[in-house]
Amino acid sequence: MWPLDPPKFSARDSYDACVRGTRDPHRRSLLLAAGDSIEAAGGRFRQAAQRGALHELKTTEFVVPGIAANDATRWVYENGMVNTVEGRAVYDRIMAAPTDERCPLCGHGVVRTLDHFLPKKMFPALCVDPLNLVPACADCNHAKGERLPSCAETTPLHPYLDRIEHDPWLAARIVDCSPLYLDFFVNPPCEWEQVLVDRTAHHFNMFKLAELFATQANRTINNIRQQLTTMLATGGPAVVSAYLSAEAATRRAHRLNSWEGVTYQTLACDETFCTGAFIP
Ligand SMILES: [Zn+2]
């Protein structure tokens, strides 16, 4: 999980932007009347997020008064946010937050959509709350689906709220060298609270990051196998290891827990690999 700065507008600002352009008078009147309730729901959402208690929120407290859940999400999110100029401006600003369009949930895919951290069908009052909208790649959006956290330990990491990027928490070990298979796993510092360890592991499993990173790592080595073979022949294992270490350092300086940096670091430290196990 890779962090993002939270959107700089409130739940109420986003809601108002999404419903102001509603043309049907009856629908518009219902939506405008619900504004205070939406603001209050946003407040409860933020309080629970601060306490690490999003799993305790009751869906019954996040309805839009006087509007059925399906109608609320259709009118406010699908029509109001996705398909009106003012709502779309909010949508586009949230989508544009990740550097290099990189999905913050997996740290690899390209952002394609907004994921509702708490599902919009169950929490219609949060359907356009910026804190509940996370830019995501299609795979992560699909993997998460409509799941609700049942306890603190099964609450996925939230890119706006959980800042774990300064600690090394991602590691890998070599299972096979040709083809390369790296087993990626969560290995946080011992001072982390257990609930954060459990949440990170849950997040890692939910989005199938071990499989994703292993595939990418294998592709990376396929791309440089010839280069490594030449280095080994001309300079020996120390040159191979030094090259891999340098590649790891530059990537980890940019993003400490990137799969690329961890891949290079793991290979650089493996004597068997550096002495030629990568040669088929
Ligand atoms: Zn993703």
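Keep in mind it's a predicted model, so treat the numbers as computed, not measured.

Side note on the environment of L209
Within the fold, L209 resides in helix α8 (residues 209–235). Separated by 109 residues in sequence, L209 and D100 place their C-alpha atoms 19 Å apart.

Re the domain arrangement of the protein
According to the domain assignment, the protein consists of domain 1 (11–154) and domain 2 (170–277). The gap between the C-alpha centroids of domain 1 and domain 2 is 36 Å. With 10 residues of domain 1 at the interface, the matching set in domain 2 holds 12 residues. Among the residues making up the side of domain 1 that touches domain 2, the classes are represented as five nonpolar, three polar and two charged.

Observations regarding the packing of α8 against helix α9 (residues 237–254)
Orientation of α8 relative to α9, taken along the N-to-C sense of each, is 135°, at an axis distance of 7 Å. When the interaxial angle is binned, α8 and α9 end up oblique. Seen from α8, the contacting residues are L228, M231, L232 and G235; seen from α9, they are P237, A238, V239, V240 and Y243. Looking at the contact of α8 with α9 residue by residue, the class counts come to eight nonpolar, one polar and no charged.

Things to note about the nonpolar core
Ranked by internal contacts, the top residues of the largest apolar core, which has 68 residues, are C18, V76, L105 and L126. For this core, the two domains that each supply at least three residues are domain 1 (11–154) and domain 2 (170–277). Setting aside residues up to four positions removed in sequence, C18 forms contacts with V76, G80, M81, T84, G87, V90 and V128.

Definitions and limits used
Residues numbered from 1 in each chain as written. Predicted model: local features only at pLDDT ≥ 70, side-chain atom pairs only at ≥ 80, totals over all residues. Helix = DSSP H or I, 4+ residues; strand = E, 2+ residues; numbered from the N terminus. Domains from an automatic or database assignment. Contact = placed C-beta atoms within 7 Å. Nonpolar A, V, L, I, M, F, W, Y, C, P; charged D, E, K, R; others polar. Axes fitted to C-alpha atoms, helices over the stretch in contact; angles between N-to-C directions. Parallel < 35°, antiparallel > 145°, perpendicular 65-115°, else oblique. Core = buried A, V, L, I, M, F, W, Y, C linked by C-beta atoms within 7 Å. Buried ≥ 20, exposed ≤ 12 C-beta atoms within 10 Å, placed from the backbone.

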